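# Topology and contacts: notes
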Amino acid sequence: VASINALAVSADGTFLATTSDDGSVKVFDVLSFDMISWLKTTFVPGSAEFLTATGTTPRSLLVVADRQSSDMHLYDVNKPA
């Protein structure tokens, strides 16, 4: 079990995400308290933040920073990993 580097909550309170030293990004459905996605990255994730895309199909996007570079990674949490 690795330590948690970051915790982010979507603006509508629907999703919660954590990043860890072991390279994992976990996304939880807050209402059902269920882990809906477990991403194993090839980088060490640091900060995380949700973005809300509006339009005909609103969706939540998760931006995760690489702790060892200036790279940012974007994930659509509404799609299965």
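The preceding data block contains the structure.
The structure reproduced in this document is the subject of the present report. (Residues numbered from 1 in each chain as written. Predicted model: local features only at pLDDT ≥ 70, side-chain atom pairs only at ≥ 80, totals over all residues. Heavy atoms only, no water.)

With that out of the way, let us pick up unusual backbone geometry. The backbone phi angle of Phe33 is positive, close to 50°, even though this residue is not glycine. Here Phe33 shows up in the loop between strand E3 (24–29) and strand E4 (34–40). (Helix = DSSP H or I, 4+ residues; strand = E, 2+ residues; numbered from the N terminus.)

On to the pattern of salt bridges. If the charged atoms of two oppositely charged side chains come close together, the side chains can form a pair. Evaluated as defined, the whole model comprises one salt bridge. Measuring nitrogen to oxygen at the nearest pair gives 2.6 Å for the salt bridge that ties Asp21 to Arg67. Linking Asp21 in the loop between strand E2 (15–20) and E3 with Arg67 in the loop between strand E6 (59–66) and strand E7 (72–76), this pair joins segments that are 46 residues apart in sequence. In this structure Asp21 comes out as partly exposed when scored by relative accessible area, which is 36%. (Salt bridge = Lys/Arg side-chain N within 4 Å of Asp/Glu carboxyl O. Buried < 20%, exposed > 50% of the residue type's maximum accessible area, 1.4 Å probe, protein only.)

On to the side chain of Ser10, then. Take Ser10: it is sitting in the loop between strand E1 (4–9) and E2. Here Ser10 falls in the buried class, since its relative accessible area comes to 4%. At 3.1 Å, the side chain of Ser10 forms a polar contact with the backbone nitrogen of Thr14. Not counting chain neighbours up to four residues away, the residues in contact with Ser10 comprise Phe15, Phe50 and Ser60. (Polar contact = N/O pair within 3.5 Å; in protein donor to acceptor, adjacent residues only side chain to side chain. Contact = heavy atoms within 4.5 Å.)

If you walk across this open sheet you meet the three strands as E5-E6-E7, and the pairing is antiparallel. Unpaired on one side and paired on the other, strand E5 (45–53) and E7 mark the two borders of the sheet. Pairs of neighbouring strands in the sheet enclose a mean axial angle of 25°, with direction left out of account. (Pairing = 2+ DSSP bridges. Axes fitted to C-alpha atoms, helices over the stretch in contact; angles between N-to-C directions.)

Our next topic: the pairing of E7. Two strands pair when backbone bridges link them, and E6 and E7 are joined in this way by five bridges, in the antiparallel orientation. Bridge pairing in E7 places Val64 opposite His73. The loop that links E6 with its antiparallel partner E7 comprises five residues.

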